[in-house]
Amino acid sequence: MTRTVGDYGLTCGILPAGSHNAIIDVPGVRVGHCTVRNGDINTGVTAILPHGGNLFRRKVMAASHVINGFGKTVGLTQVQELGTIETPILLTNTLSVGTCATALIRDAIRLNPDIGRTSGTVNPLVGECNDGPLNDIQALAITEEHALAALADAHEGSVEQGNVGAGTGMSCFGFKGGIGSASRKINLAGGRHLGVLVLSNFGKAGDLILPDGRRPDPRQPDQPERGSIMVVLATDVPLEHRQLERVARRAGAGIARLGSFWGHGSGDIAIAFSTGNLVDHDETRDLVPLVTLNEARIDLLFRAATEATQEAVLNSMLSADAFTGRAGLHRASLADWLHDQAENR
């Protein structure tokens, strides 16, 4: 069940949300999940498709920003060097990154038989968080078929949130974490959007700060700040690589609003892409035109990225039901905590 901050009278910032209040408010963006639950196995894969076509042939401009680098991603180096994304983005658990990368490579070769032969190789893009406390991560349960199932599930109509896909075994600020999404309308060129999807698995128990100033108590033992968060930002505002990196950096401001200080053991990584300019893999012209944002307007995107990241994390926790995982380890739901608070007033 998708629950959002608005259901609890909370507000993150001042910009209006899109009609779905999710990353799919950016036209063409699709999200799919594959959830794997079996005894102590509580994990999965989440897929984000910047558009529904052949990404290798029609790439999107992109950038990334590493807030704290305790992570094991695949593909970020080439994204930063070339400024494009050429496969869907997959999110999963830490020890399944290689499997998901192989699945992306096989899928790209299926669609583009020239890869690695008459054309260049392909850059798979995979992000991760460690769901080990709630999932038997050593079982290496994720297969290429799970990754392909998440890709096949990707659609535009809605984004399932909470204990689903890659978010199945994740924790956040001592509560249950998972997949969350949010969006903001941007008053530019007739109306544009910026959307965010997060895989939330970070934050020290007791550090969470709600927009109204309350500090929820998950009643978890005091432990160091560790975990990770993957933030994927999408926009239909035409941006070039340097501008996208600046926007990705503002995901950190949204995380900080929640009370996180990006601890030593946390892998906090943001990936941003724009559907406003597509890059043709088979381009033959010497010079190509590029439309991009007037940088004097970029504060609108900075604010949108900050607000939507903050809200997406809270939505991931609110949509997540209380969960008992590997070896009986339990994570409470933030939604239940807020419900109890309302009843005790």
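Scroll up to find the structure this text is about.
About the cut-offs
- Residues numbered from 1 in each chain as written.
- Predicted model: local features only at pLDDT ≥ 70, side-chain atom pairs only at ≥ 80, totals over all residues.
- Heavy atoms only, no water.
- Helix = DSSP H or I, 4+ residues; strand = E, 2+ residues; numbered from the N terminus.
- Rg over C-alpha atoms; globule rule 2.2 N^0.38 Å.
- Buried < 20%, exposed > 50% of the residue type's maximum accessible area, 1.4 Å probe, protein only.
- Contact = heavy atoms within 4.5 Å.
- Areas by Shrake-Rupley, 256 points an atom, 1.4 Å probe, with all protein chains shown as cover.
- Lys, Arg positive; Asp, Glu negative; His and termini not counted.
- Charge placed at Lys NZ, Arg CZ, Asp CG, Glu CD.
- Pairing = 2+ DSSP bridges.
- Axes fitted to C-alpha atoms, helices over the stretch in contact; angles between N-to-C directions.
- Core = buried A, V, L, I, M, F, W, Y, C linked by side-chain atoms within 4.5 Å.
- Arc of directions from axis to C-beta.
- Polar contact = N/O pair within 3.5 Å; in protein donor to acceptor, adjacent residues only side chain to side chain.
- Phe/Tyr/Trp six-rings, centres within 6.5 Å; stacked < 30°, edge-to-face > 60°.
- Lys NZ or Arg CZ within 6 Å of the ring centre and 35° of its normal.

(A) Main features of the overall build of the protein. Counting secondary structure elements, the protein contains 7 helices and 14 strands. For the protein, whose C-alpha radius of gyration is 19 Å, the value lies close to the compact-globule estimate of 20 Å for 345 residues. Expressed as lengths along the three principal axes of its C-alpha atoms, the size of the protein is roughly 65 × 45 × 35 Å. Of all 345 residues assigned to the protein, the portion counted as buried reaches 57%. In the protein, the proportion of contacts linking residues at least 24 apart, taken out of those at least 6 apart, comes to 80%. Accessible surface for the protein amounts to roughly 13,900 Å². Of this, 49% is attributable to carbon and sulfur atoms. Charge separation in the protein, taken as the distance between the mean sites of 30 positive and 36 negative side-chain charges, equals 3 Å.

(B) Layout of the sheet that holds strand E3 (residues 58–69). Read from one edge to the other, the open sheet built from 6 strands follows the order E4-E3-E12-E11-E10-E9, with strand pairing classed as mixed. Both outer strands of the open sheet, strand E4 (84–85) and strand E9 (178–186), are each paired with one neighbouring strand and no more. Taken together, the 2 bridges between E3 and E4 define a ladder with antiparallel strand orientation. Of the residues in E4, the one forming a bridge with Val 60 is Ile 85. Its contacts with the sheet put helix H4 (residues 241–249) on E3, strand E10 (192–201), strand E11 (226–235) and strand E12 (265–280), and the angle it makes with E3 is roughly 40°. Lying on the sheet, helix H6 (residues 299–318) is in contact with E9, E10 and E11; it crosses E9 at an angle near 150°.

(C) Structural context of the nonpolar core. Within the largest apolar cluster, 48 residues are counted, with the highest numbers of intra-cluster contacts made by Leu 194, Val 231, Leu 233, Val 247, Leu 301 and Leu 334. Tallying contributions element by element places H6 first for this core, with 10 residues. Not counting the four nearest positions on each side in its chain, Leu 301 is found in contact with Ile 186, Leu 188, Leu 194, Thr 235, Val 237, Leu 239, Val 247 and Leu 293. Among the nonpolar cores identified, the runner-up in size contains 30 residues, and Val 29, Val 31, Leu 125 and Ile 271 belong to it.

(D) Inspection of helix H7 (residues 334–343) at higher detail. Within H7, burial applies to Leu 334, Ala 335, Trp 337 and Leu 338. The buried residues of H7 occupy an angular sector of 160° when projected down its axis, which confines them to one face. Those residues of H7 that are buried are in contact with strand E8 (175–176) and H6. Regarding H7, its N-cap is Ser 333, as a side-chain oxygen of that residue lies 3.1 Å from the backbone nitrogen of Ala 335 further along.

(E) Inspection of the sheet that holds strand E5 (residues 89–93) at higher detail. Here 4 strands make up an open sheet; going across it, the order is E1-E2-E5-E6 and the pairing mixed. Taken across any chain shown, the strands that pair with only one partner, and hence form the sheet edges, are strand E1 (30–38) and strand E6 (125–129). The sheet shows a mean angle of 15° between the axes of neighbouring strands, direction not considered. Where strand E2 (residues 41–49) lies against E5, 3 bridges are found, and the strand directions are antiparallel. If you follow Thr 46 over to E5, its bridge partner there is Leu 91. Here helix H2 (residues 97–111) sits on the sheet and contacts E2, E5 and E6; the angle it forms with E6, its principal contact strand, is near 160°. This element, helix H3 (residues 144–153), spans E1, E2 and E5 of the sheet and lies at about 140° to E1.

(F) Highlighting the packing of aromatic side chains. What the rule picks out here adds up to 1 aromatic pair. The positively charged end of Lys 176 is found above the aromatic ring belonging to Phe 323, 5.2 Å away from the centroid. Taking NZ or CZ as reference, Arg 250 lies 3.7 Å from the ring centre of Phe 302, over its face.

Purely spatial values, then, with no claim about function.
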